[in-house]
Amino acid sequence: MEMGNRTPDSFGALLKEFRVRRHLTQQQLADVIGVHRNVIGRWEQGNVLPATKSTVLELIKHLQLDGQEARSLLEASLTGLSPYWLVPFHRNLRFTGREEVLKVLHMHLLPERALALTQSCALYGLGGIGKTQIALEYAYRYALEYTAVFWISAETTESIVASFLSIAEVLHLPERRETNQRQIVSAVRRWLTSHGQWLLIWDNMEELELLERFLPPTRHGCVLITARRQAFGTLAHALELSALEQEEGVLFLLRRTNLLGSCATNEDVCQLAQRLPAEYAAARELVQLMAGLPLALDQAGAYVDESGCSIASYLLQYRCQYHQLLARRGTLTTNHPHSVATTLLLSCQQVEQHNPGALELLRHCAFLFPDTIPEELFVVGAPYLSQEIGSVASDSYRFDQALAALRLFSLIRRHPETQTLSIHRLIQVILLAEMSKQERAEYQRRVISMLYELFPEVEYGSFLWGACERLLPHVLAAVSIAPDDAGRQKVAGILRKAASYLRECARYEQAESLFKRAIGIYEQVAGPEHPELAAAFNGLAHLYYDRAHYRQAESLFRRAIGIYERVSGPEHLDLASPLRGMALLFYRQGKYKHAEELYQRALRIQIAALGPEHQQTAYLLDNMAILYVELGKYEKAEPLLQRALQIWEQALGPEHSQISRPLNNLADLYLEQGRYEKAEPLLQQSLRILELTLGSQHPRIAYAVHNLADIYLEQGRYEKAELFYKRALRLWERAFGDEHPNRAYSLHGLARMHRAKGEYGQAERLYKQAIGLRARHRGLKHYETAKSMYGLAELHVEKGEYMRAERLYIQAVKIFEHSLGLTHPQVVKLRTAYSCLLEKRKRGTNERNLLVRLFYARNRSDGAIRTLTREKPATQILESEALTAFLVACCDLHPQAWARSADLWRTYQQWVQEHQERFPLSRQAFTSYLKAHGCQAARTNSARIWRGIGIIDRRRDMA
């Protein structure tokens, strides 16, 4: 099948590449397939194609090609030229991806279909997006399906006329010798009218009027247009081109840099990632930085290819000198001579000529996140931007015309369904690079000011989460490139607002970073006594409270309260939030009296300023109710929760996320009272609302999930209880990590569940983990820690280990009484349980009398210690309590247990140092107390030991 000089070189180039890779000479390949060596040479030179498919299959077999390579060679062998061929570019052997686009084009441009104007397709998109390359690939891939393929350079009238003159030469039209160019153009048009099944490719069409001027009104062929403009009306079926996807971009870049061959596949990419991980990682990052723009990737690949550097080296250089690199096209380019920077700047200059206001709008977009830019930023935010933007945005017609000018050159995409805009990232990069320092500072100041005014305050809850989420990406983008002095206080203000929203969304690390940056700016610009600084302190303090960093939280709450009191006075509304935060902190620390006082003060301030029915007042009512539930004052808690629920339902509706708070806390109250039938529906409603409004992974959901698990446990539905406890545990771990004290709720619940099932080993391990976690964060003498001690004591009772249960009961009783008072239901329950234990052990009257004295006489106030019994001095009682705490934390009392005497004493000394115990025992006293607990001193051949006691591996138990 002789093709003369019309044959594309793709088959020959592929054949040569595969042969050289197999280290075969032309003679060796000719011998194995049974042809003359000159035949191989003519194939590789592109002078001829194999006559049969079987010959190509023989080549595939002996070259040992994989599936993709075999398909490429077969396709190349079938791609000849149409009888009339005018395409000024060679086929791009590194063409990558775009298979779906080519498939759609082929479907619309089938030559055997009824020929009409609807058989016109247009590829449109940003300059450098790959329109010409797709058209070129389509021409080569489907050339044999058309009687003629002609390429027209459609930028100007002159270039179109020149292309028509070349077509006349290819067609050997008699008129080609005429000096009058109009006659030649008319002759080509007549040929197009009288012939069919041709393909005309109009590349870089700027003015659609030229298409209608040059094409004959009656035609029987197909038209493929490439253009930047986005509107074609009824002239063509339009296909918008987007950037390359990540995997396509990486494959293209690796091919372009010759790290992979032109026929490489994604499987080859995976192998390269294993072989050259640094190059692969750099390629992925470069594709992201250039947002998949093919021209930019080709330009980067050309630089790597020409300079011989690595992709990783280019990436480092790009980070420092991106403007210079984007402006450099390279030397080995033909069909797209302009660099990325030049291509995009030319488009911007043309926009400015059409509509100066459009370019002004585009420059403001350079400081925003490139996707989902809300149109209302320019409409509502116009007063904070330039006067030119204001005049454009105030008139919807002028605004539409400005966007139309940008769309004409595909510099922006408009999404009417979401009323948003999007811009390619490299347009932003180039626009920023072209601005002077003064221009950039002015644009930054305007954008920051606009975002500050439009971003809502989110101090309490998710009232305006939709608006916040819509603006957040643009805030983060703007502040990421803005120096701290660009707008000064407004930069700090928008940082604080965004951080408050991120904290509500449980995105704590990101929020903390923004809070700290805001504080740094406020301290530098506004001084140490500014109310905005206090607001940032308060926000960061609430974040630290959420993450159980209580010391940092307390310090910041106090600083915020101090600033507000000094600047605004002791009754100012701004004080309510840090007072509420401080009260929450005291509640977590078991300082219930202090917490109640602060709640009441904050409530008084809020009611005076906002009234008793305000949404913010409901927060304090809800928080106070939680405190009263903890203190067993159920009659006070329930009306407060009902009132908070009523306020929020009236203000926000019954399905708002805030409604879940009083629902969950009401359920918690009913759980404490054993009213499970009332608690369960409230929790299910709370969980449904939270999942609907916050999503299934927000940590606030964990409270409702945990409380439902408690109900299922009480109902004996162990499998469901375990499932819910573990879900709550995962939610807390995902949000806060393994060391957050909230994990102890789930660990304690799972311990109860295993104990109820008689799985004592697992239960004991989980109780000890809960004790350890709570002791580290709340303290060894905190109520929650004692609650887990109480659970572990009950487990020991069920196992018949009464001595171990007794010391835990004593410790728990002391903490319960100190925290909750003698009349609290939990204290009464614990006292009853301990009395039952004494009956089981048949302890004498003296022991029960000692218990009574411990319950009613033990107290420590302001460092003074009352004498607890006539028989024992106070110091001796405290020494005994200290040893009990040590035994709970570090030891295991069991008849079969034993420990080296030196190891046990060393462990006790370490424990004393860690807990700063005020009454450490001497070694002699330590020995006496161990004997009193039933331990026996003994001796082996190598060491002194204690029998009846072992040392716990605390690292294992706290894991």
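Above: the structure in question.
Note that the structure is a prediction, hence the values are computed from the model and not measured. (Residues numbered from 1 in each chain as written. Predicted model: local features only at pLDDT ≥ 70, side-chain atom pairs only at ≥ 80, totals over all residues. Heavy atoms only, no water.)

> Before we move on, could you go through the overall build of the chain and cite the residues and values that matter?
When you go through the chain residue by residue, the secondary structure sums to 45 helices and 14 strands. Sequence-distant contacts in the chain: of pairs separated by 6 or more residues, those separated by 24 or more amount to 67%. Taken as a whole, the chain presents about 42400 Å² of accessible surface, with 49% of it coming from carbon and sulfur. (Helix = DSSP H or I, 4+ residues; strand = E, 2+ residues; numbered from the N terminus. Contact = heavy atoms within 4.5 Å. Areas by Shrake-Rupley, 256 points an atom, 1.4 Å probe, with all protein chains shown as cover.)

> Please provide a residue-by-residue account of the environment of E509, values included.
You can see E509 is positioned in helix α25 (residues 508-525). E509 sits 34 residues away from L543 along the chain, and the two C-alpha atoms are 9.5 Å apart.

> Any chance you could break down the packing of helix α2 (residues 26-33) against helix α3 (residues 37-45) for me, citing the residues and the numbers?
At a minimum axis separation of 8 Å, α2 and α3 run at an interaxial angle of 110°. In terms of their interaxial angle, α2 and α3 are classed as roughly perpendicular. Between α2 and α3 lies a crossing of right-handed hand. The segment α2 lies against α3, with Q26, Q27, L29, A30 and I33 engaging R37, I40, G41, W43 and E44. Here the residues of the contact of α2 with α3 sort into five nonpolar, three polar and two charged. (Axes fitted to C-alpha atoms, helices over the stretch in contact; angles between N-to-C directions. Parallel < 35°, antiparallel > 145°, perpendicular 65-115°, else oblique. Left-handed = near helix turned anticlockwise from the far one by under 90°. Nonpolar A, V, L, I, M, F, W, Y, C, P; charged D, E, K, R; others polar.)

> Explain the pattern of salt bridges residue by residue, including any values.
In the structure shown here, the tally under the stated rule is 51 salt bridges. With a shortest N-O distance of 2.8 Å, R470 and E376 are connected by a salt bridge. With R470 in helix α23 (residues 465-481) and E376 in helix α18 (residues 376-379), this residue pair connects regions lying 94 residues apart in the sequence. By relative accessible area, which is 30% here, R470 ends up partly exposed. (Salt bridge = Lys/Arg side-chain N within 4 Å of Asp/Glu carboxyl O. Buried < 20%, exposed > 50% of the residue type's maximum accessible area, 1.4 Å probe, protein only.)

> Lay out the sheet that holds strand β6 (residues 237-240) with the relevant residues and their values.
Pairing is parallel across the open sheet formed by six strands, whose spatial order is β1-β3-β4-β5-β2-β6. In this open sheet, the two edge strands, each paired with only one partner strand, are β1 (84-86) and β6. The average angle at which neighbouring strand axes cross in this sheet is 20°, direction not considered. Most of the contacts of helix α6 (residues 99-108) go to strand β2 (residues 120-124), to which it runs at about 155°, and overall it touches β2, β5 (220-227) and β6. The strands that helix α8 (residues 157-171) touches are β1, β3 (148-153) and β4 (196-203); relative to β3, the one it contacts most, it runs at about 155°. (Pairing = 2+ DSSP bridges.)

> Give a description of the sheet that holds strand β9 (residues 420-422) that names residues and reports values.
Pairing is antiparallel across the open sheet formed by three strands, whose spatial order is β7-β9-β8. Pairing within the sheet leaves two strands with one partner each, and these edge strands are β7 (373-374) and β8 (413-415). Looking at chain direction, β8 and β9 are connected through three bridges and run antiparallel. Paired with R413 across the two strands is S422, which belongs to β9.

Scope: geometric values only; no functional claims are made or implied.
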